Amino acid sequence: GAGVSQSPSNKVTEKGKDVELRCDPISGHTALYWYRQSLGQGLEFLIYFQGNSAPDKSGLPSDRFSAERTGGSVSTLTIQRTQQEDSAVYLCASSLGLGGGHGNEQFFGPGTRLTVL
Amino acid sequence: DQQVKQNSPSLSVQEGRISILNCDYTNSMFDYFLWYKKYPAEGPTFLISISSIKDKNEDGRFTVFLNKSAKHLSLHIVPSQPGDSAVYFCAASRGRGAQKLVFGQGTRLTINP
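The residue count restarts for each chain, going from 1 along the sequence in the order it is written. Working convention: letters from A go to chains and numbers from 1 go to ligands, in the order in which they are written. Restriction of local features to residues with pLDDT of at least 70 applies here, the model being predicted, together with a cutoff of 80 or more for giving and counting side-chain atom pairs; totals for whole chains, interfaces and linings are based on all residues. Note that the side-chain values use all heavy atoms of the structure and ignore hydrogens as well as water.

**Some points on the state of the cysteines**
All names here are of chain B.
So, point 1. Counting rule for disulfides: a pair of cysteine sulfur atoms within 2.5 Å. A full pass over the atoms with the stated rule returns two disulfides over all chains.
So, point 2. Covalent S-S linkage joins Cys 23 and Cys 90, the inter-sulfur distance amounting to 1.9 Å. An S-S torsion of about 65° defines the bridge between Cys 23 and Cys 90 as right-handed. Here Cys 23, found in strand E3 (residues 19-25), pairs with Cys 90, found in strand E9 (residues 86-93); they are 67 residues apart in sequence, far enough to count as distant. Across the pair, exposure class does not vary: Cys 23 and Cys 90 are buried alike. Strands are runs of DSSP state E lasting at least two residues, helices are runs of H or I lasting at least four, and both sets are numbered from the N terminus onward. Burial classification: accessible surface area is computed with a 1.4 Å probe over protein chains only, and a residue below 20% of its type maximum counts as buried, one above 50% as exposed, and the rest as partly exposed.

**Structural notes on the side chain of Ser75(A)**
All names here are of chain A.
So, point 1. Positionally, Ser 75 belongs in strand E7 (residues 75-79).
So, point 2. On the basis of relative accessible area, Ser 75 is assigned to the buried category, the value being 0%.
So, point 3. Polar contacts, as counted here, are pairs of nitrogen or oxygen atoms within 3.5 Å of one another; within protein the pair requires one atom able to donate a hydrogen and one able to accept it, and residues that are adjacent in sequence qualify only if both atoms are side-chain atoms. There is a polar contact of 2.9 Å between the side chain of Ser 75 and the side chain of Trp 34.
So, point 4. Leave out the neighbours within four places in its chain, and Ser 75 touches Leu 21, Arg 22, Cys 23, Leu 32, Trp 34, Phe 49, Glu 68 and Arg 69. Throughout, a residue-residue contact means that at least one pair of heavy atoms, one from each residue, lies within 4.5 Å.

**So, the sheet that holds strand E1 (residues 5-7) of chain A**
All names here are of chain A.
So, point 1. Whether two strands pair depends on DSSP finding at least two bridges between them. Strands sit in the order E1-E3-E7-E6 across an open sheet of four strands; the sheet is antiparallel. Strands at the two margins of the open sheet, each flanked by one partner only, are E1 and strand E6 (65-69). Strand-to-strand twist across the sheet, computed as the mean angle between neighbouring axes with direction ignored, equals 15°.
So, point 2. One ladder, built from three bridges, connects E1 with strand E3 (residues 19-24); its direction is antiparallel. Between N-to-C directions, angles cover 0 to 180 degrees, with each direction set by a line fitted to C-alpha atoms, over the stretch in contact for helices.

As structure tokens, this is what we get:
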């Protein structure tokens, strides 16, 4: 497809379990971002990857959260030992990621709604 | 520390009239601003952006105004249409290229027929 895709669209898990969320960015986009939106809140930055540079992990809320980007394309966000406060919509975005005058228009996937019981 | 604020959680406008959505920011290092529109159960969709070297950018029915001295930006939609009903987020970043976005809390716009 032409857009950002995410899977699963919905995930219900029990407190203490680990979950993996997947993101397929737009082909050719070198930058990939993870955000989350809790109920009634704005989008909160988690982590981003740009090319082969070290990822910016400054938004990860705890060491239970980690993310990988394999081969400069697909990314997986892993949450270990999930807690109820992790319940949110997790959104992935990608952008061209080029400097030198290019904008930072990020294109979002539909999100994964995570519910921790 | 909310660096980007949208103080109106909701706005209701009559079809055909102008919708004005406001956004304030506190970090003077932000130099690129964007507006996104979000429908339920979908990801945000990019609408329009503006660099800090400009004070206005227009794209069809959408115009974004930037007042750097006031650290304020606004999105004007004219004329408003029922399909514009959605949640609108403003976002800011430091620099262009690959940069994380800092989002406001969103404003729910409802266009009444």
